[in-house]
Amino acid sequence: MLALHTMTNSNSNSNSYISITQKPISIKLKASKTTNSFHYKLPSPHRFSRYFVPFLSIWALLSISQVYFSPLPCPHYIRRLRPDPHTTTNDEFWTWARSGVTAFKPCLDFTDSYVNKSRTPVYKRYMVVVVSGGLNQQRNQIIDAVVIARILRAVLVAPILQVNQIWGDDSEFGDIFDISHFKETLKHDVKVVSSLPATHLMRRRIKAPLLPFNAGEEWVHTNYGEGKLDKKSVLILRGFDSRLAKNLTSDLQKLRCKVAFEALRFQPWIEELAERFVRRMREEGPYVALHLRLEKDVWVRTGCHSGLGSEEDEVVERERASKPRLLTSRSKLTPRRRYLAGLCPLNANEISWVLKGLGASRKTRMYWAGGEPFGGRDALQPLRADYPKLFNKWSLARPRELDGLKRKPSVLAAIDYQVCLKSQLFLASHGGNMARSLQGHRTFLGYGKPIRPNKRQLVRLFLNTTLTHHQIRRKIKQIHTEEPSDFTNNKDDAIAYPAHHCMCTP
């Protein structure tokens, strides 16, 4: 892999001061009355002038230098106004970041058939869903749960967030999301209640079959409806992550967008806390948000090497060998082949190259979201060396501002989500639920450009030893600028690509 060489120059100026006593010194010489004592004699005028006049001159110069040449403190507003050698480059970078944003606007106009069914709801069937995983994985399941409830015309009980051993968060739906807003936004689509009514606590639970991958509307009707779910039973649904088909009817695709981008709002106190961090990031203008997938479990699950060294690779290999079930896909591929296929997360070194190729100057402010990187601070050093204005929620927080949240990873993930959502440019080092959701959410709201790194082409550049640094940067810009935009492509995934399903021209 191409090695990065970063030189950091640091100049430190220190000032020394000599303090000269201002008060005259008086010396009295007293002659001895005894003849044998030592006699003090003043020098002759000629000798006096030889020694005293130069001393007097030096003393005067030092006194004057204290008055006129002492360094004055530089006010903070003067320091900010000094010329920035990267201003032009960064202006060009932000102009490019604002370009290419879709001109489409949110458009959730449902068909007459959908609206008419909304006016005649069936509020006798109840559905309880248990969602698992991290925050963004749970979001995806909640979205599909609302769609399934709509298909069955069932009442949806506020989703239960399963406590995961990895995440260790016991937060409930109402702790993370604004449940009142959720109910109000969906009142014409699906009825949502906070809990099962007392009349249904002892009702028969339906043992529903596991939702298969790519299950469509017809399968849901056949296996969960049509006599299986009635007013005397409660459907309990779990284990359905990413199993509902992506290519549903137009109305159901719009419902997905409505849940994801309008109904699922975080608790006001979470959004207010995230907004404080957004304001701090914007103190010097726009900022870039990075979702860095550098945690140890990510390297284990992807079957890739972190690029930190052989010792770290051995640690990951041992854990992967002891837990082969963690490897997500293509288990027979070696780490090398995975890397060449573009299946590995970009590490901090490669992310830095991408940013430089896109034109981000050293002064660009960066917010990075994600968990503790494998390797600690050393894992981020290549990125921090090139972009010293690198922040996360912990470095932005005031004292005690995040106290009590270290054991609440869902809340911390919600803060990351909001700060990334409001950035001018968002870039993820790897795919995943958060990157997918943010990509679509930012498109839906008309926020800044999302960058989807073309990892397969980037790997070829990094391994090409015949290219100069300048050529690599130019080609990185070409890869991510000249390729046709897929904002309006007919993608089935309405959450990642909402333009075709949930937006229209103004």
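Residues numbered from 1 in each chain as written. Predicted model: local features only at pLDDT ≥ 70, side-chain atom pairs only at ≥ 80, totals over all residues. Heavy atoms only, no water.

- For the chain, an unreviewed UniProt entry supplies the name O-fucosyltransferase family protein and the organism Rhynchospora pubera.
- Among the UniProt annotations of the chain, the heading Pathway (unreviewed entry) holds the following wording: "Glycan metabolism."
- In the Sequence similarities (unreviewed entry) part of its UniProt record, the chain is described as follows: "Belongs to the glycosyltransferase GT106 family." (UniProt positions renumbered as here; feature names shortened; annotations may be inferred.)

## Overview of the overall build of the chain
Step number 1: Summing up its helical and strand segments, the chain has 21 helices and 13 strands in all.
Step number 2: Relative to its full complement of 506 residues, the chain shows a buried share of 45%.
Step number 3: In the chain, of all internal contacts separated by at least 6 residues, the share reaching a separation of at least 24 is 79%.
Step number 4: Of the accessible surface of the chain, which amounts to about 28600 Å², a share of 53% is contributed by carbon and sulfur atoms. (Helix = DSSP H or I, 4+ residues; strand = E, 2+ residues; numbered from the N terminus. Buried < 20%, exposed > 50% of the residue type's maximum accessible area, 1.4 Å probe, protein only. Contact = heavy atoms within 4.5 Å. Areas by Shrake-Rupley, 256 points an atom, 1.4 Å probe, with all protein chains shown as cover.)

## Quick look at the state of the cysteines
By definition, a disulfide links the sulfur atoms of two cysteines through a covalent bond.
Step number 1: By the definition in use, this model includes 2 disulfides.
Step number 2: Across a sulfur-sulfur distance of 1.9 Å, Cys257 and Cys502 are joined as a disulfide pair. Classification of the bridge connecting Cys257 and Cys502 rests on its S-S torsion, roughly 70 degrees, and on that basis the disulfide is right-handed. Here the residue Cys257 occupies a position in helix α9 (residues 250-263), and Cys502 occupies one in helix α21 (residues 499-502), the gap between them amounting to 245 residues.
Step number 3: A residue is classified by how much of its surface remains accessible, and Cys502, at 0% relative accessible area, is buried.
Step number 4: Residue pairing for Cys304: its cysteine sulfur links by disulfide to Cys344, the two sulfurs lying 2.0 Å apart. Between Cys304 and Cys344, the S-S torsion sits near -90 degrees, and that sign places the bridge as left-handed. Remark: Cys344 occurs in the loop between α13 (335-340) and α14 (348-358) and Cys304 occurs in the loop between α11 (296-302) and α12 (310-322); sequence separation between them is 40 residues. For the pair shown, Cys304 and Cys344 are each scored as buried.
Step number 5: Once the disulfide-bonded cysteines of the chain are ranked by sequence position, their pairing pattern turns out to be 1-4, 2-3. (Disulfide = S-S within 2.5 Å.)

## Thoughts on the side chain of Arg442
Step number 1: Along the polypeptide, Arg442 turns up in helix α18 (residues 433-445).
Step number 2: Despite its burial, Arg442 remains without a salt bridge, the nearest opposite charge being carried by Glu275 at 12 Å.
Step number 3: Side-chain polar atoms of Arg442 contact the backbone oxygen of Leu421, separated by 2.9 Å.
Step number 4: Setting aside residues up to four positions removed in sequence, Arg442 forms contacts with Cys420, Leu421, Lys422, Ser423, Gln424, Leu425, Phe426, Tyr447, Gly448 and Lys449. (Lys, Arg positive; Asp, Glu negative; His and termini not counted. Salt bridge = Lys/Arg side-chain N within 4 Å of Asp/Glu carboxyl O. Polar contact = N/O pair within 3.5 Å; in protein donor to acceptor, adjacent residues only side chain to side chain.)

## Considerations on the sheet that holds strand β8 (residues 288-291)
Hydrogen bonding along the main chain pairs the strands of a sheet, whether they run parallel or antiparallel.
Step number 1: Taken in spatial order, the 5 strands of this open sheet run β10-β9-β8-β11-β12, and their pairing is parallel. Two strands bound the open sheet, and with one partner strand each, they are β10 (390-391) and β12 (449-451).
Step number 2: By the bridge criterion, 4 bridges tie β8 to strand β9 (residues 366-369) in an arrangement that is parallel. Across the sheet, His291 pairs through a bridge with Ala369, a residue of β9. (Pairing = 2+ DSSP bridges.)

## As for unusual backbone geometry
Step number 1: Unusually for a residue other than glycine, Arg153 sits at a positive phi of about 55 degrees.
Step number 2: Examined against the element boundaries, Arg153 turns out to sit in the loop between α5 (135-152) and β3 (155-157).
Step number 3: Exposure remark for Arg153: the relative accessible area of 32% places this residue in the partly exposed category.
Step number 4: For Arg400, which is not a glycine, the phi torsion comes out positive at approximately 70 degrees.
Step number 5: With respect to the helices and strands, the residue Arg400 is situated in the loop between α16 (393-396) and α17 (409-421).

## Describing the pairing of β9
Step number 1: With burial as the criterion, each face of β9 is covered, one bearing Met366 and Trp368 and the other bearing Tyr367 and Ala369.
Step number 2: Pairing analysis gives 2 bridges linking β9 to β10, with the strands arranged parallel. Within β10, the position partnered with Tyr367 by the bridge is Phe391.
Step number 3: On the question of chirality, the crossover connecting β9 to the parallel β10 by way of helix α15 (residues 377-386) is right-handed. (Right-handed = clockwise from strand over helix to strand, strands pointing away.)

## Side note on the pattern of salt bridges
Step number 1: Scanning the entire structure with this criterion turns up 16 salt bridges.
Step number 2: Between Asp170 and Lys408 there is a salt bridge, with the nearest N and O atoms lying 2.9 Å from each other. Separated by 238 residues along the polypeptide, Asp170 in the loop between β4 (160-161) and α6 (173-176) and Lys408 in the loop between α16 and α17 bring together distant segments of the chain.
Step number 3: Lys422 is the partner of Glu275 in a salt bridge, and the nearest nitrogen-oxygen pair spans 3.0 Å. You can see Glu275 sitting in helix α10 (residues 268-281) and its partner Lys422 sitting in the loop between α17 and β11 (425-428), a full 147 residues away along the chain.
Step number 4: Taking the relative accessible area as the measure of exposure, Glu275 reaches 24% and is therefore partly exposed.
Step number 5: Note on Lys422: relative accessible area 22%, which makes it partly exposed.
Step number 6: Among the charged side chains, a network of salt bridges with common partners joins Glu272, Arg276, Arg280 and Glu401.

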